[in-house]
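Survey of secondary and tertiary structure
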Amino acid sequence: MTGVPRQGTKILVSEKTPAETVRVFIALAPPDEAKEELEQRLEPAYAAYPRMRWNRIEDWHITLAFLGELPVTAVELLRPPLAELAATRRPLRLALRGGGHFDERVLWTGIDGDLDGLHLLAAEVRAAVTDCGIPFHGRPLRPHLTLARARRHDTTSAVEAADGLDGFTGRPWQTHRLHLVGSNTGRGPGPIHYRDIRSWPFEGGG
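The structure displayed is predicted, hence computed values, not measured ones. (Residues numbered from 1 in each chain as written. Predicted model: local features only at pLDDT ≥ 70, side-chain atom pairs only at ≥ 80, totals over all residues. Heavy atoms only, no water.)

**Focus on helix α3 (residues 115–131)**
- Compared with the 24 Å implied by 1.5 Å per residue over 17 residues, the 24 Å span of α3 between its first and last C-alpha is a close match.
- Along α3, the positions that sit buried rather than exposed are Gly-117, Leu-118, Leu-121, Ala-122, Val-125, Arg-126, Ala-128 and Val-129.
- Elements that come into contact with the buried residues of α3 comprise β1 (21–28), β3 (62–71), α2 (72–88), β4 (93–102), β5 (106–113) and β8 (177–183).
- A positive phi of about 85° marks Gly-133, the residue just after α3. (Helix = DSSP H or I, 4+ residues; strand = E, 2+ residues; numbered from the N terminus. Expected span 1.5 Å × (residues − 1). Buried < 20%, exposed > 50% of the residue type's maximum accessible area, 1.4 Å probe, protein only. Contact = heavy atoms within 4.5 Å.)

See below:
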């Protein structure tokens, strides 16, 4: 399958990581079959706009709370409450749908399905972060999955690529896990690569 090369080894962020801080967010990840379906739809855009900074399919995620740069010791405080939250919450039924752009530079695909449940989960995640004593001043949730960023002064590629996603409706899927994600590499002009610090299955019923 063509598209963004799946290459490079991502670094696991853990208590053994020598960095004193890590860039952290909490997210959901679509299953491989849903991502591959969207990847196929994007093949014309990959070919037409090769200079866009395309995110790797492995790194596609739906951010629930972006926490920014945190001390590694603070990250450890998040594990117990997030584990408890996931254990008591049911999976959500979602789908990838359509496309759009932010400020003519950031290409994204939208999220469909149980959006009420998604907003409730994000609110609970953010409350858990605050309860850990970690300040959170994030923006209101706008459910999406970021696909690429256009180069500076390029005001057409993201817009045209978003037009190519008109009418796209992906297969429904269920959220399986809540992901605590970090990155302390790739801070330059290229893409940032992410890796799970930890993830927990959604085990609640009802």
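**A closer look at the environment of Glu-124**
- Structurally, Glu-124 can be placed in helix α3.
- Remark: the alpha-carbon pair of Glu-124 and Leu-85, spanning 39 residues in sequence, is separated by 7.9 Å.
- In this structure Glu-124 touches Leu-85 and Arg-89, once residues within four positions along its chain are discounted.
- A polar contact of 2.8 Å, which involves the side chain of Glu-124, links it to the side chain of Arg-89. (Polar contact = N/O pair within 3.5 Å; in protein donor to acceptor, adjacent residues only side chain to side chain.)

**Comments concerning the sheet that holds β5**
- Spatial ordering of the open sheet is given by β2-β6-β5-β4-β7, a layout of five strands whose pairing is antiparallel. Each of the sheet's edge strands pairs with one partner strand only, and the pair in question is β2 (53–54) and β7 (173–174).
- The sheet contact formed by β5 and strand β6 (residues 144–149) spans five bridges and is antiparallel. Pairing of Val-106 across the sheet is with Arg-149, part of β6. (Pairing = 2+ DSSP bridges.)

**Here's the deal with unusual backbone geometry**
- Residues other than glycine seldom take positive phi values, yet Glu-104 does so here, at roughly 65°.
- Judged by its relative accessible area of 36%, Glu-104 falls in the partly exposed class.
- The backbone phi angle of His-153 is positive, close to 75°, even though this residue is not glycine.
- Topologically, His-153 is positioned in the loop between β6 and α4 (157–163).
- The class for His-153 is exposed, based on a relative accessible area of 74%.

**Here we look at the packing of aromatic side chains**
- What the rule picks out here adds up to three aromatic pairs.
- Both rings, one in Phe-25 and one in Tyr-194, keep their centres 5.1 Å apart while their planes meet at 85°; by these two values the pair is edge-to-face. Of the two residues, Phe-25 sits in strand β1 while Tyr-194 sits in the loop between β8 and β9 (195–201), which places them 169 residues apart along the sequence.
- In this structure Phe-25 comes out as buried when scored by relative accessible area, which is 4%.
- A centroid spacing of 5.6 Å and a plane angle of 35° characterise the contact between Phe-102 and Trp-108, whose relative ring orientation is tilted. (Phe/Tyr/Trp six-rings, centres within 6.5 Å; stacked < 30°, edge-to-face > 60°.)

**Quick word on the sheet that holds β3**
- Within the open sheet, the four strands sit side by side as β3-β1-β8-β9. Their pairing is antiparallel. At either margin of the open sheet sits one strand with a lone partner, and together these are β3 and β9. With strand direction ignored, the average angle separating the axes of adjacent strands in the sheet is 20°.
- Bridging between β8 and β9 involves six bridges; their strand directions are antiparallel. Each residue of the ladder has a partner; that of Arg-177, found in β9, is Pro-201.
- Of the strands in this sheet, β1, β3, β8 and β9 touch α2, which is tilted by about 25° from β9.
- Contacting β1, β3 and β8, α3 runs over the sheet at an angle of about 15° to β3. (Axes fitted to C-alpha atoms, helices over the stretch in contact; angles between N-to-C directions.)

Worth remembering: the numbers are spatial, not functional.
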